[in-house]
Amino acid sequence: MKRGTMNIKEIIKDPRLIHGIEAKGYKDFTPIQEEIIPMIQEGVDVIGQSQTGTGKTAAFAIPLIEKIDENLGKPQVLVVTPTRELALQVASEFKSLAKYHKKIKAIAIYGGDPIQGQIKGLKAGAQIIVGTPGRLMDHMRRRTLRFDHIHSVVVDEADEMLRMGFREDIENIFSALEDSTQRLLFSATMPKPILMITDRYLSNAKYVKIKSDSVVTDTIDQKVVTIRSNDKKDALYRILETKNPKRGLIFCNTKRMVDEITKELNNKRFPADHIHGDMKQSQRIKVLKQFNDGKLQYLVATDVAARGLDIQSVDLVVNYDLPQLEEYYVHRIGRSGRAGELGESISLVTHRDRDKFRDIESYMDKRVEHVQVPSIQTMNQSKIDAFVKELVDDIDDKNLEDYCGIIDRMEDMGYSTRKIAAALLAKNLVVQQKKERDINDPSIFKKSKRRKPKGKKYNNKGKKRRKRY
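The structure displayed is predicted, hence computed values, not measured ones.

## Topic: a nonpolar patch on the surface
Link 1 in the chain: On the surface, Leu391, Ile395, Leu400, Tyr403, Ile406 and Leu425 cluster together to form a nonpolar patch covering roughly 560 Å² of accessible area.
Link 2 in the chain: When residues of the nonpolar patch are traced back to their parent elements, those giving at least two are α17 (376–397) and α18 (401–412).
Link 3 in the chain: Considering the arrangement of structural elements, one finds Ile406 in helix α18.

## Observations concerning helix α16 (residues 354–364)
Link 1 in the chain: In terms of burial, α16 is a largely internal element, eight of the eleven residues being buried.
Link 2 in the chain: Of the positions making up α16, those classed as buried are Arg354, Phe357, Arg358, Asp359, Ile360, Glu361, Ser362 and Met364.
Link 3 in the chain: Positive backbone phi, at 60 degrees, marks Asp365, one or two positions downstream of α16.

## A word on the environment of Asp303
Link 1 in the chain: Examined against the element boundaries, Asp303 turns out to sit in the loop between β11 (298–301) and β12 (316–319).
Link 2 in the chain: According to the relative accessible area criterion, Asp303 is partly exposed, its value standing at 24%.
Link 3 in the chain: Each C-alpha atom of the pair Asp303 and Pro323 lies 8.0 Å from the other, and the pair is 20 residues apart in sequence.
Link 4 in the chain: Setting aside its immediate chain neighbours within four residues, Asp303 contacts Phe251, Cys252, Pro323, Tyr328 and Arg332.

## Some remarks on the packing of helix α15 (residues 326–333) against α16
Link 1 in the chain: Running from amino to carboxyl end, α15 crosses α16 at an angle of 75 degrees, the nearest separation of the two axes being 9 Å. Here α15 lies roughly perpendicular to α16, going by the angle between them. Each of Glu326, Glu327, Tyr329 and Val330 in α15 lies in contact with α16, whose residues at this interface are Phe357, Asp359, Ile360, Tyr363 and Met364.
Link 2 in the chain: Tallied by class, the residues present in the contact of α15 with α16 amount to six nonpolar, no polar and three charged.

## Describing the sheet that holds strand β6 (residues 182–187)
Link 1 in the chain: Taken in spatial order, the seven strands make up an open sheet running β3-β4-β2-β5-β6-β1-β7, and their pairing is parallel. Strands with a single pairing partner mark the edges of an open sheet, and in this sheet they are β3 (106–109) and β7 (206–209). For this sheet the average axis-to-axis angle between neighbouring strands, irrespective of direction, equals 15 degrees.
Link 2 in the chain: As defined by bridge partners, β3 adjoins strand β4 (residues 128–131) across four bridges and the pair is classed as parallel. Across the sheet, the residue bridging to Ala106 is Ile128, located in β4.

## Quick word on the packing of aromatic side chains
Link 1 in the chain: One pass over the structure, following the stated rule, counts six aromatic pairs.
Link 2 in the chain: Between Phe270 and Tyr298 the ring centres are 5.7 Å apart and the planes differ by 75 degrees, which places this aromatic pair in the edge-to-face class. Highlighted residues: Phe270 in the loop between α13 (255–267) and β10 (272–275) and Tyr298 in strand β11, separated in sequence by 28 residues.
Link 3 in the chain: Phe270 gets classed as buried once you look at its relative accessible area, which sits at 6%.
Link 4 in the chain: Classification of Tyr298 as buried rests on a relative accessible area of 1%.
Link 5 in the chain: Measuring from ring centre to ring centre gives 6.0 Å for Tyr329 and Phe357, while their planes differ by 85 degrees; the resulting arrangement is edge-to-face. Remark: Phe357 occurs in helix α16 and Tyr329 occurs in helix α15; sequence separation between them is 28 residues. Of the two residues, Tyr329 and Phe357, both sit in the buried class.
Link 6 in the chain: The residue whose ring lies beneath Lys232 is Tyr320, and the NZ or CZ to ring-centre distance is 4.4 Å.

## A word on the layout of surface pockets
Link 1 in the chain: Of the pockets and cavities examined, the largest pocket occupies roughly 1700 Å³.
Link 2 in the chain: In this structure, the largest pocket is lined by 42 residues; those nearest its centre are Phe387, Glu390, Leu425, Asn428 and Leu429.
Link 3 in the chain: Looking at the lining of the largest pocket, its residues break down into 22 nonpolar, eight polar and twelve charged.

## Overview of the side chain of Arg247
Link 1 in the chain: Mapping Arg247 onto the fold places it in the loop between α12 (232–243) and β9 (248–251).
Link 2 in the chain: Look at Arg247: it is buried, it has no salt bridge, and the nearest opposite charge is Asp293 at 6.4 Å.
Link 3 in the chain: There is a polar contact of 2.5 Å between the side chain of Arg247 and the backbone oxygen of Asn292.

Cut-off values and rules
Residues numbered from 1 in each chain as written. Predicted model: local features only at pLDDT ≥ 70, side-chain atom pairs only at ≥ 80, totals over all residues. Heavy atoms only, no water. Patch = residues over 30% accessible without salt bridge, like charges linked within 9 Å, V, L, I, M, F, W, Y side chains within 5 Å. Areas by Shrake-Rupley, 256 points an atom, 1.4 Å probe, with all protein chains shown as cover. Salt bridge = Lys/Arg side-chain N within 4 Å of Asp/Glu carboxyl O. Helix = DSSP H or I, 4+ residues; strand = E, 2+ residues; numbered from the N terminus. Buried < 20%, exposed > 50% of the residue type's maximum accessible area, 1.4 Å probe, protein only. Contact = heavy atoms within 4.5 Å. Axes fitted to C-alpha atoms, helices over the stretch in contact; angles between N-to-C directions. Parallel < 35°, antiparallel > 145°, perpendicular 65-115°, else oblique. Nonpolar A, V, L, I, M, F, W, Y, C, P; charged D, E, K, R; others polar. Pairing = 2+ DSSP bridges. Phe/Tyr/Trp six-rings, centres within 6.5 Å; stacked < 30°, edge-to-face > 60°. Lys NZ or Arg CZ within 6 Å of the ring centre and 35° of its normal. 1 Å grid on protein atoms, 1.4 Å probe; cavity = no way out; pocket = protein on both sides within 12 Å on 5 of 7 lines; lining within 4 Å. Points joined across faces, edges and corners; volume = space filled by probe spheres on them. Lys, Arg positive; Asp, Glu negative; His and termini not counted. Polar contact = N/O pair within 3.5 Å; in protein donor to acceptor, adjacent residues only side chain to side chain.

Everything listed here is a matter of coordinates, which is why it stays silent on function.
The following block contains the structure:
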């Protein structure tokens with residue numbers, strides 16, 4: 001994530017809030033935080049356009065926490081999100097930033113969760129309410145959520161909300177607020193319906209846009225593999241065996257393919273589970289927790305996981321299928337390389353996908369490095385290296401005396417220590433022995449002329465060429 005130039009203490013004065021920010025590992029602000037925080041502190045309406053991974057949530061959460069009256073146990077900040085997962089994530093961000101404010105409470109309210117428990121949380125004096133449009137409307141109708149003391153409202157992922165059909169709910173929420181309420185709207189894109197909402201409900205709003213190239217180029221090492229359609233699965237398994245990330249996220253476009261890839265990964269002993277729209281909320285939360293806790297190495301998902309999920313410390317994103325929209329590519333790979341950490345993305349591109357990927361490069365104004373699928377020899381060597389490292393750690397850290405007696409017994413039977421070790425390796429280290437088949441075939445791209453990306457001209461380093469006169 002690209003960092004700004006202004007130190008946290010230059011903008012924030014409350015030592016408790018500074019402590020909460022620093023506890024999350026922030027040393028300075030990102031560009032969007034540096035621009036938007038002072039605006040929110042001033043009390044003006046704001047429109048923020050940015051992609052996943054820019055630090056947008058903290059950009060509005062930090063100054064809104066400053067504005068909370070801790071002695072007033074009434075809703076004061078309202079955040080509207082398109083999904084339950086994002087509501088939970090945003091509420092969690094508020095809680096962690098405000099952890100040293102003893103009286104500030106934040107709750108998430110969303111459909112699929114018992115409403116009585118939410119009513120209890122509201123009555124307990126939560127000042128920060130994060131919710132999905134439908135459930136917020138339920139509470140408004142029941143009068144269990146009142147807007148009398150709301151001084152700030154945030155609409156997060158506005159374009160996604162419109163795509164999901166929540167426009168009327170958003171307008172009803174805006175209409176129920178006092179004219180003096182500060183209104184903040186964030187969106188990755190700004191289609192005409194969103195501009196109509198901002199024109200109608202926001203007053204003299206300041207507009208901030210963070211360009212996509214500052215999001216995806218700094219901390220994500222992007223690569224693309226050209227592959228035949230029939231070789232995609234083999235390529236995926238070789239990449240995962242070779243890279244062996246602590247946490248990997250694999251994106252497919254259909255629920256059927258998500259289920260299929262997850263099943264085959266588990267058959268090959270990759271610890272994996274999946275998330276898509278057909279799963280119950282309780283199942284999705286359980287899978288996410290297992291992934292974030294390190295009990296799963298791989299999460300296979302449709303684009304439901306690209307935006308709004310609390311997915312932590314992903315070091316590899318694989319696009320098994322390319323997304324339909326260029327912006328979703330940015331959202332997907334933005335799950336890696338977050339909070340300043342280095343991430344990596346690999347996209348599998350077939351002959352049919354070549355034009356779509358060039359459009360993605362054009363959207364980012366960046367060329368992505370083409371690499372080959374790891375050979376079976378490379379994959380096996382990576383597996384051996386990982387096994388040897390694990391074995392050395394066991395030798396150094398574990399008490400193996402109880403097992404040495406077995407070695408003595410087998411040596412008495414006439415077997416050398418070398419042969420015993422080799423037999424144990426053969427039993428426990430599975431390497432691929434079959435004859436290698438070449439799946440790196442660039443000829444699939446020679447059947448048609450390379451089409452230039454829309455609206456951009458590049459040199460080999462991914463920068464726009466200068467016109468020659």
